[in-house]
Amino acid sequence: MAGTRRQQAIRKALRALAPGIPLADAEAVLALAERRHMKDLPPSTALWLALGSHVRHVHTDYERLLAEGYDRDAARFFVVEDTDAVLSAWGCQRSVENEEAEAEEA
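Residues numbered from 1 in each chain as written. Predicted model: local features only at pLDDT ≥ 70, side-chain atom pairs only at ≥ 80, totals over all residues. Heavy atoms only, no water.

Moving on, we come to the overall build of the protein chain. Counting its regular elements, the protein chain contains six helices and zero strands. For the protein chain, the N- to C-terminal ordering of α and β elements is α-α-α-α-α-α. Its C-alpha atoms give the protein chain a radius of gyration of 14 Å, near enough to 13 Å, the size a compact globule of 106 residues would have. Principal-axis analysis of the C-alpha atoms places the extent of the protein chain at approximately 40 × 30 × 25 Å. Burial analysis of the protein chain (106 residues in total) assigns 34% to the buried set. Considering only contacts in the protein chain between residues 6 or more positions apart, those separated by 24 or more positions represent 50%. For the protein chain, the accessible surface area stands at approximately 6700 Å², while carbon and sulfur atoms represent 51% of it. Here the protein chain contributes 13 positive and 18 negative side-chain charges, whose respective centroids are spaced 14 Å apart. (Helix = DSSP H or I, 4+ residues; strand = E, 2+ residues; numbered from the N terminus. Rg over C-alpha atoms; globule rule 2.2 N^0.38 Å. Buried < 20%, exposed > 50% of the residue type's maximum accessible area, 1.4 Å probe, protein only. Contact = heavy atoms within 4.5 Å. Areas by Shrake-Rupley, 256 points an atom, 1.4 Å probe, with all protein chains shown as cover. Lys, Arg positive; Asp, Glu negative; His and termini not counted. Charge placed at Lys NZ, Arg CZ, Asp CG, Glu CD.)

And the structure:
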């Protein structure tokens, strides 16, 4: 496996987190996780944020909701179940909805 240790760690985290992700989506998620603003985050955190962002923007109505005037938080609220459904279909055991609820309780 070529790449830096960080790139290798991100790829490994993706295989563990979403083993059924299609190749085109995997490439896009990896590119997001490796962006400059993610460099200070642990690889697993960068990967999780990139995965959620990719699914939200590409596989849900999030962009349409933003275009209709919804703010980011409202748009995220309305697509959280669709986001989790895509993640689940890819074999992901984590849930955006559950993590957002836990963050609100903290």
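Moving on, we get to helix H1 (residues 5-17). With 13 residues, H1 extends 18 Å between its outermost C-alpha atoms, agreeing within 8% with the 18 Å of an ideal straight helix rising 1.5 Å per residue. Within H1, the full set of buried residues consists of Arg 6, Ile 10, Ala 13, Leu 14 and Leu 17. When H1 is viewed along its axis, its buried side chains cluster within an angular range of 100° and face the same direction. Exposed and oriented more than 90 degrees from the buried face of H1 are Arg 5, Lys 12 and Ala 16. Buried-residue contacts for H1 involve helix H2 (23-33) and helix H3 (43-59). (Expected span 1.5 Å × (residues − 1). Arc of directions from axis to C-beta.)

This structure, assessed with the given rule, holds two salt bridges. What emerges from the salt-bridge pattern is a single network uniting Asp 61, Arg 64 and Glu 68. (Salt bridge = Lys/Arg side-chain N within 4 Å of Asp/Glu carboxyl O.)

Ranked by internal contacts, the top residues of the largest apolar core, which has 23 residues, are Leu 14, Ile 21, Leu 47 and Leu 51. Among the elements of the structure, H1, H2, H3 and helix H5 (72-89) are those that each provide at least two residues to this core. Considering every element that reaches this core, the biggest residue donor is H3, with six residues. If we skip the residues at most four places from it in the chain, Leu 47 touches Ile 10, Ala 13, Leu 14, Leu 17, Val 29 and Ala 33. (Core = buried A, V, L, I, M, F, W, Y, C linked by side-chain atoms within 4.5 Å.)

To continue, consider the side chain of His 54. Tracing the backbone through its elements, the reader meets His 54 in helix H3. In this structure the side chain of His 54 is engaged in a polar contact, spanning 2.7 Å, whose partner is the side chain of Asp 25. Those residues within four positions of His 54 in sequence are excluded, and the remaining contacts are Asp 25, Ala 28, Val 29, Leu 32, His 59 and Trp 90. (Polar contact = N/O pair within 3.5 Å; in protein donor to acceptor, adjacent residues only side chain to side chain.)

Nothing here speaks to function; it is all geometry.
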